[in-house]
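# Coordinate inspection notes
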Amino acid sequence: MKTSKHAVYWAILSCMVFLCGCAAESGQAGQTSQANQINAPVDVRYLVENPLVFSEVVENDQIEGIAFIGMHFQIDGLLDKAVESKVNEHLKGRYAKNQPGEIPDVAQEKNAGLECTTQTVALECCGNYNNILSVRAIYRWMFGRLSSSPPLEYAGNYEITETYNVDLGTGEEFGLGEVFADNVDYRNLIAGSAEDCLLRFDVVVQKDVLAESLAKYLKEPQFLLRGHALQTVGLRYLDPLPTDRPDIEVCVDLNLDGDFAVAKRFYDPSVNIYVGGIEGERSLITYVGEIKWLDNNYTDEGINVSLRAKYQEDFPEYALRAVFAEESEDGDLINRMKEVLKSLSAQETDTVYNKFVDTSRVQDFINIRIYESASVYSLSTGAQRFDSSRQTLWCYRLGGEEPVQIADVFHESADIDGILEAAVNSKLEADQQLREESGLSRSIDVSAHAEGAAGKIIGFCVNYNTIFAEYLGDPALPSYVIELKYTDLGYENLNIFDWE
């Protein structure tokens, strides 16, 4: 083994790395006792980031012509220091598995005739929520032909990915089966998603080959917990023909839904395992189904009209009706544009009307957000003759056929008027201070706009960590959209964070 003195520096990251996915696995899932059984559908209201402190180590070196780049980290903040040490030792071991200057024989064989130019060893924390940590280790060697003229620095590579999923309550690794509810056939879910992925790439899927491929993967399954989704790593569709072609790697993405138990299996909201009883930020679950699009483009008396809408196939009928109702343009706005065009009949113009209906499902809510813009631009004079833009926000709770009101997401006991007025005042004041810092004057009277805030929210959407509110600060002025974070509104005041 080659050794050298490495340049090491520490970057203390006081961020709490949240939902950046991460790989994991260490064999088959353990057996679940009847007392700890979690069956689908699992109702998880939100995710909670773990309030850990991460210390990152970066190494750069040159070892006999090979550039070495190393990155790894340690964690701090668990009450149980024995568990914390166990996790940190495991992280150190993953990092040290491939030492600087070491090149696997298989890497050299696959890149015969080339020279190793760069070696990278990197540990990345990706999933850090609900008392689980998900980590990916990447070992990469780049090869070139440095003795050629001119030198060819990168002509081949070899890469290994290993993963590590750990329960921060015990320091024990968990497997793929524990990610899902106990009564869920996750093998079938992965197989179906893999087949859909292969078909999208025009691969003729043979059922027996797919079954063999999945069986091989499940012997030592690796996966990422990235954002609100699970992502497989290392699942390869085996080449059914006796050729030298590489197997097809299939990356299956499964979004967290009622089939998943990982957010509940290792987390008890009544038990805090962190130093000082610190609680991390909460994030509502976002669901992603099969996306459908509506697209209509045409010209109406010189106006280029574009109407687009995005929605999920499994939205309830009342939400779909609301989306489809927006398939047409705003007639009054179009007529105003036509009036402007009459006065410019002898001039060349660029006249555009755009309407985009964006939708999402977050926890129990379906959001409809309409972006509408219209402009008449005179190309001959270079002047904007008409300009209008606005956003309209609606929010439906599942099972309710009418849009909910802002008060509906609060507990009845909460001081809704006071909470919203304070939050809006704080947000608007921060925005106005940014204007002043950039050299602009204030555009609104913050106190006047924030007064009676609860009655001025005419629409809103529920996002994973914030509420986007359509706000009518002054009835004489157009509405605008402001962002109100759940941390500022207070989790304890919101019924959307009740754990069921």
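In the block above lies the structure referred to throughout.
These numbers come from a predicted model, not from an experiment.

Conventions adopted
Residues numbered from 1 in each chain as written. Predicted model: local features only at pLDDT ≥ 70, side-chain atom pairs only at ≥ 80, totals over all residues. Heavy atoms only, no water. Helix = DSSP H or I, 4+ residues; strand = E, 2+ residues; numbered from the N terminus. Buried < 20%, exposed > 50% of the residue type's maximum accessible area, 1.4 Å probe, protein only. Contact = heavy atoms within 4.5 Å. Areas by Shrake-Rupley, 256 points an atom, 1.4 Å probe, with all protein chains shown as cover. Lys, Arg positive; Asp, Glu negative; His and termini not counted. Charge placed at Lys NZ, Arg CZ, Asp CG, Glu CD. Pairing = 2+ DSSP bridges. Axes fitted to C-alpha atoms, helices over the stretch in contact; angles between N-to-C directions. Core = buried A, V, L, I, M, F, W, Y, C linked by side-chain atoms within 4.5 Å. Patch = residues over 30% accessible without salt bridge, like charges linked within 9 Å, V, L, I, M, F, W, Y side chains within 5 Å. Salt bridge = Lys/Arg side-chain N within 4 Å of Asp/Glu carboxyl O. Polar contact = N/O pair within 3.5 Å; in protein donor to acceptor, adjacent residues only side chain to side chain. Expected span 1.5 Å × (residues − 1). Parallel < 35°, antiparallel > 145°, perpendicular 65-115°, else oblique. Left-handed = near helix turned anticlockwise from the far one by under 90°. Nonpolar A, V, L, I, M, F, W, Y, C, P; charged D, E, K, R; others polar.

Looking only at helices and strands, the protein chain has 11 helices and 24 strands in total. Its C-alpha atoms give the protein chain principal-axis dimensions of about 80 × 60 × 55 Å. Each of the 500 residues in the protein chain was classed as buried or not, and the buried ones make up 47%. Across the protein chain, every contact between residues at least 6 apart in sequence was considered, and the portion connecting residues at least 24 apart equals 67%. By element, 48% of the accessible surface of the protein chain is carried by carbon and sulfur atoms, the whole surface being about 24,800 Å². Computing the positive centroid from 41 side-chain charges and the negative centroid from 80, the protein chain places the two 3 Å apart.

This part covers the sheet that holds strand 23 (residues 466-471). Spatially, 22-23-24 is the arrangement adopted by the 3 strands of the open sheet, whose pairing is antiparallel. A single partner strand is all that each edge strand has here, and the edge strands are strand 22 (457-462) and strand 24 (480-485). Each neighbouring strand pair of the sheet contributes to a mean axis angle of 25°, computed without reference to strand direction. In the sheet, strand 23 pairs with strand 24 via 6 bridges, with the strands oriented antiparallel. Bridge assignment links phenylalanine 468 to a residue of strand 24, and that residue is glutamate 483. Along the sheet, helix 9 (residues 416-437) contacts strand 22, strand 23 and strand 24; its crossing angle with strand 24, the most-contacted strand, is approximately 110°.

A few words on the nonpolar core. The biggest cluster of nonpolar side chains holds 42 residues, and the ones touching the most others in it are Leu176, Val179, Phe180 and Leu225. At the level of secondary structure, the elements contributing two or more residues to this core comprise helix 3 (176-179), helix 4 (186-200), helix 5 (207-219), strand 10 (222-226) and helix 6 (262-265). If one sorts the elements of this core by residue count, helix 4 sits on top with 6 residues. Core analysis: the second largest hydrophobic core is formed by 37 residues, Ala423, Leu428, Val446 and Ile496 among them.

Below, the discussion takes up the pairing of strand 4 (residues 53-63). Pairing analysis gives 11 bridges linking strand 4 to strand 5 (residues 66-76), with the strands arranged antiparallel. Residue pairing in the sheet places isoleucine 63 in a bridge with isoleucine 66 of strand 5. Where strand 4 hands over to strand 5, the hairpin turn is made up of 2 residues, of which glutamate 64 adopts a positive phi near 50°.

Here we come to a negative patch on the surface. Taken together, the side chains of Asp415, Asp417, Glu421 and Glu451 define an acidic patch exposed on the protein surface. Within the secondary structure layout, glutamate 451 lies in the loop between helix 10 (446-450) and strand 22. For glutamate 451, a relative accessible area of 53% translates into the label exposed.

Here tyrosine 95 shows up in helix 1 (residues 81-96). In this structure, the C-alpha to C-alpha distance between tyrosine 95 and phenylalanine 73, residues 22 residues apart in sequence, is 9.2 Å. Ignoring sequence-local partners within four residues, the contact set of tyrosine 95 consists of Glu59, Phe68, Gly70, Met71, His72, Val121 and Leu123.

Moving on, we come to the environment of threonine 392. Along the polypeptide, threonine 392 turns up in strand 21 (residues 383-397). Considered as a pair, threonine 392 and glutamate 470 are 78 residues apart in the sequence and their alpha carbons are 6.7 Å apart. A distance of 3.3 Å separates a polar atom in the side chain of threonine 392 from a polar atom in the side chain of arginine 390.

With 22 residues, helix 9 should reach 32 Å at 1.5 Å per residue; the first-to-last C-alpha distance of 32 Å fits that figure. Along helix 9, the residues classified as buried are Ile416, Ile419, Leu420, Ala423, Val424, Leu428 and Gln432. Here the buried face of helix 9 lies against helix 10, strand 22, strand 23, strand 24 and helix 11 (486-489). A positive backbone phi angle near 95° is found at glycine 439, which sits one or two residues after helix 9.

Glancing now at the pattern of salt bridges. If charged atoms from side chains of opposite charge come close, those side chains can pair. Counting across every chain of the model gives 28 salt bridges. Each member of the salt-bridge network shares a partner with another, and the members are Arg94, Lys97, Glu162 and Glu173.

This brings us to the packing of helix 4 against helix 5. Put simply, helix 4 and helix 5 touch, their axes get as near as 11 Å, and they point 125° apart. On the basis of the axis angle, helix 4 is oblique to helix 5. Considering the relative orientation of helix 4 and helix 5, their crossing is right-handed. Only Lys207, Leu210, Leu214 and Leu218 of helix 5 make contact with helix 4, whose side of the interface consists of Tyr186, Arg187, Ile190, Ala191, Ala194, Glu195 and Leu198. The class makeup of the residues in the contact of helix 4 with helix 5 is 8 nonpolar, no polar and 3 charged.

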